[in-house]
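Spelled out, the chains give:
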Amino acid sequence: MQLFKNPTYKKLLIIASIILASFLRLNNLMLKPPFIPDEEVYFRAAEYYAFGKINPLYTQLIDGAVLISQPNHVNYEHPLLGKLILAFSLKLFGDSLFNARLISALFNIALVYISYLIARRMVGEEKALLFSFLMSIDPLNVSLSRSVMLDSFCLFFFALGVLAYLYLRDKNLGFILLSIFFALAIAVKLTMLPLIITLILFSIFEIKRNKILSIPLSLAITFLIFLITYFPYFYLNTNKTILPQEYHYLDYGVHNWNDFINLLNWIFLYNFYWHLERNFYPYLFENPFFYTIQQNGAYQMFN
């Protein structure tokens, strides 16, 4: 189409998509009631990292016994970076649910433009403009970005990694940035862990020079960034604990390297064994229309 060859017209279209995305994500941000599923535990964890507030939603200590396979009161089942981003927003804008939701929305708005740049590189200007429009109105993206969830941060870092690689493909910097941003995505949520396989495949099939060194380099970058995001775990001091001393690695306060190793072991067992052996989501199979039922929290999350 002749219109798409006009630079001004193209700029106006992408600006329109971003304005639309901003309106859908920021308008009446507190419309959903506090709190939708998972939102409260992330918010309370962010308050802990921002202000040292200790206000757990639940605890693994029940009737004097530690139920180690249950979700953790500091939300250690997920890595720290997502909660640290939320904590930054609370520090910067103030301690409120609105400000926690705000940072998620802003990351997702930026994702719309990043997605446009990725699509433009891969499929051309016209399809990229259409893709950015679809991203701006996608119901799942809109809904998750309007709540205190970790998904907007995961997708943001993942998209940044793809963008960096596409535009710097023939340079070593492109692969390094890909590794860094993928590592940040993993440091938000372990559902992004398969990106390590992606990095290995990129090393094998895409890297033309220093192919042997690229795999250990990408793995080292991933682990180093993951470790850096746990800085507060080692140094955030509090005068309150909940669990017995032998389970301190799952509690508030300052920790050491032994605690960190025990925590990594617990994270692995929780995510890849305990969490999978229990059927957490039977409603997904019992009722395919579950998300249309207004009386449950999942309806609030996705509508």
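Below, the structure is looked at part by part. (Residues numbered from 1 in each chain as written. Predicted model: local features only at pLDDT ≥ 70, side-chain atom pairs only at ≥ 80, totals over all residues. Heavy atoms only, no water.)

What follows is about the side chain of H255. Structurally, H255 can be placed in the loop between α11 (231–235) and α12 (257–277). At 2.8 Å, the side chain of H255 forms a polar contact with the backbone oxygen of G253. Leave out the neighbours within four places in its chain, and H255 touches Y76, Y233, F234, H248 and Y249. (Helix = DSSP H or I, 4+ residues; strand = E, 2+ residues; numbered from the N terminus. Polar contact = N/O pair within 3.5 Å; in protein donor to acceptor, adjacent residues only side chain to side chain. Contact = heavy atoms within 4.5 Å.)

In this structure, the second largest pocket occupies an estimated 270 Å³ of space. Every residue along the wall of the second largest pocket is listed here: I186, L190, L193, I196, L219, T222, F223, F226, L264, I267, F268 and F272. When residues of the lining of the second largest pocket are traced back to their parent elements, those giving at least two are α10 (211–228) and α12. Partitioned by chemical class, the residues of the lining of the second largest pocket number 11 nonpolar, one polar and no charged. (1 Å grid on protein atoms, 1.4 Å probe; cavity = no way out; pocket = protein on both sides within 12 Å on 5 of 7 lines; lining within 4 Å. Points joined across faces, edges and corners; volume = space filled by probe spheres on them. Nonpolar A, V, L, I, M, F, W, Y, C, P; charged D, E, K, R; others polar.)

In an α-helix, one turn spans 3.6 residues, which is why side chains three or four residues apart end up on the same side. If you check helix α5 (residues 125–137), its first and last C-alpha atoms are 19 Å apart, about what 13 residues at 1.5 Å a residue would give, namely 18 Å. For α5, every residue scored as buried is listed here: E125, A128, L129, S132, M135 and S136. Projected onto a plane normal to the axis of α5, the buried residues spread over an arc of 125 degrees and lie on a single side. Along its buried surface, α5 packs onto α1 (7–26), α4 (97–123) and α6 (139–145). (Expected span 1.5 Å × (residues − 1). Buried < 20%, exposed > 50% of the residue type's maximum accessible area, 1.4 Å probe, protein only. Arc of directions from axis to C-beta.)

Locating L195 in the fold gives a position in helix α9 (residues 195–205). Contacts of L195, omitting those with residues within four sequence positions, involve F158, F182, A185 and I186.

The interhelical angle for the contact between α4 and helix α7 (residues 151–167), taken along N-to-C directions, is 25 degrees, at an axis separation of 9 Å. Taken together, the axes of α4 and α7 lie roughly parallel to each other. Crossing handedness for the pair α4 and α7: left-handed. Mapping the contact onto sequence places I103, S104, F107, N108, A110, L111, I114, L117, I118, R120, R121 and M122 in α4 and S152, F153, L155, F156, F157, A159, L160, V162, L163, L166 and Y167 in α7. (Axes fitted to C-alpha atoms, helices over the stretch in contact; angles between N-to-C directions. Parallel < 35°, antiparallel > 145°, perpendicular 65-115°, else oblique. Left-handed = near helix turned anticlockwise from the far one by under 90°.)

Another aspect to go through is empty space enclosed by the protein. Applying the stated rule across the entire model yields one cavity of 30 Å³ or more. Along the walls of the largest cavity sit V41, R44, A45, Y48, K53, N55, P56, L57, H73, V74 and Y252, which together make up its complete lining. Considered class by class, the residues forming the lining of the largest cavity number seven nonpolar, two polar and two charged.

Phi is positive for N28, close to 50 degrees, though the residue is something other than glycine. Tracing the backbone shows N28 in the loop between α1 and α2 (39–51). Residue classification places N28 among the partly exposed positions, given a relative accessible area of 45%. The phi dihedral of D63 is positive, around 55 degrees, even though this residue is not glycine.

All chains considered together, the criterion is met by 20 aromatic pairs. Between F231 and Y235, the aromatic rings sit 4.7 Å apart at their centres with planes inclined by 35 degrees, giving tilted as the arrangement. Linking F231 with Y235, this pair stays in helix α11, spanning four residues, or about one helical turn. Taken as a pair, F231 and Y235 share a single burial class, namely exposed. (Phe/Tyr/Trp six-rings, centres within 6.5 Å; stacked < 30°, edge-to-face > 60°.)

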